[in-house]
Amino acid sequence: MPGKKKKYNARFPPARIKKIMQLDEDVGKVAAPVPVIISRSLELFVESLLTKTSANTLSKNARTLSAAHLKQTILSETRFDFLKDLVAKVPDVREGGIEGDESSNTGSDNTFKPRR
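A brief structural summary. (Residues numbered from 1 in each chain as written. Predicted model: local features only at pLDDT ≥ 70, side-chain atom pairs only at ≥ 80, totals over all residues. Heavy atoms only, no water.)

**Some remarks on helix H2 (residues 33–59)**
Moving on, step 1. A rise of 1.5 Å per residue sets the reference length of H2, with its 27 residues, at 39 Å; its end C-alpha atoms lie 39 Å apart and thus fit the reference within 8%.
Moving on, step 2. Taken as a whole, H2 has its buried residues at Pro35, Val36, Ser39, Glu43, Leu49, Thr53, Asn56 and Thr57.
Moving on, step 3. Contacts from the buried residues of H2 go to helix H1 (14–21) and helix H3 (67–76).
Moving on, step 4. Note on H2: the residue one or two positions beyond its end, Asn61, has a positive phi of about 60°. (Helix = DSSP H or I, 4+ residues; strand = E, 2+ residues; numbered from the N terminus. Expected span 1.5 Å × (residues − 1). Buried < 20%, exposed > 50% of the residue type's maximum accessible area, 1.4 Å probe, protein only. Contact = heavy atoms within 4.5 Å.)

**Some points on the packing of aromatic side chains**
Moving on, step 1. The full count for this structure, using the stated rule, is two aromatic pairs.
Moving on, step 2. Look at Phe45 and Phe82: their rings are 6.0 Å apart centre to centre, the planes differ by 40°, and that puts the pair in the tilted class. Here Phe82 lies in the loop between H3 and strand E1 (93–94) and Phe45 lies in helix H2, a separation of 37 residues in the sequence.
Moving on, step 3. Through pairs of rings, three or more aromatic residues link up here, namely Phe45, Phe80 and Phe82. (Phe/Tyr/Trp six-rings, centres within 6.5 Å; stacked < 30°, edge-to-face > 60°.)

**Let's talk about the side chain of Glu43**
Moving on, step 1. Checked against the element boundaries, Glu43 lands in helix H2.
Moving on, step 2. Residue Glu43 is classed as buried on the basis of its relative accessible area of 14%.
Moving on, step 3. When residues no more than four places from it in sequence are discounted, the contact partners of Glu43 are Arg11 and Phe12.

**Brief notes about the pattern of salt bridges**
Moving on, step 1. Scanning the entire structure with this criterion turns up five salt bridges.
Moving on, step 2. Across the salt bridge formed by Arg40 and Glu43, the nearest N and O atoms sit 3.2 Å from each other. With Arg40 and Glu43 both in helix H2, this residue pair falls three residues apart, about one helical turn.
Moving on, step 3. Residue Lys71 pairs with Asp92 through a salt bridge whose shortest N-O separation is 3.0 Å. One end of the pair, Lys71, is in helix H3; the other, Asp92, is in the loop between H3 and E1, with 21 residues separating them in the sequence.
Moving on, step 4. Overall, the relative accessible area of 8% leaves Lys71 in the buried class. (Salt bridge = Lys/Arg side-chain N within 4 Å of Asp/Glu carboxyl O.)

Here it is as structure tokens:
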């Protein structure tokens, strides 16, 4: 049946992606498949980043994936170079934990806080 639409199971809501895209004044109408494709691309990107970060975390014999492990992955993989500015202020990983944990008590909060 050519008229039957296929339901896509997207982990990132296409309606929200479309709304974000249309915040840009240069973007006019957005075809229905575009947010679904972007959603799937975003899912594959996050999966790739977290798979590499998980491998780095396990190689350090750590049990908890931290922002420092994400930084290490981003700095070591050339395809994540565009994220380097985002992790510039995250402390580096060291063998016993995160570098600067106890010694750099300058009053600035270097903990990772996800956006909501």
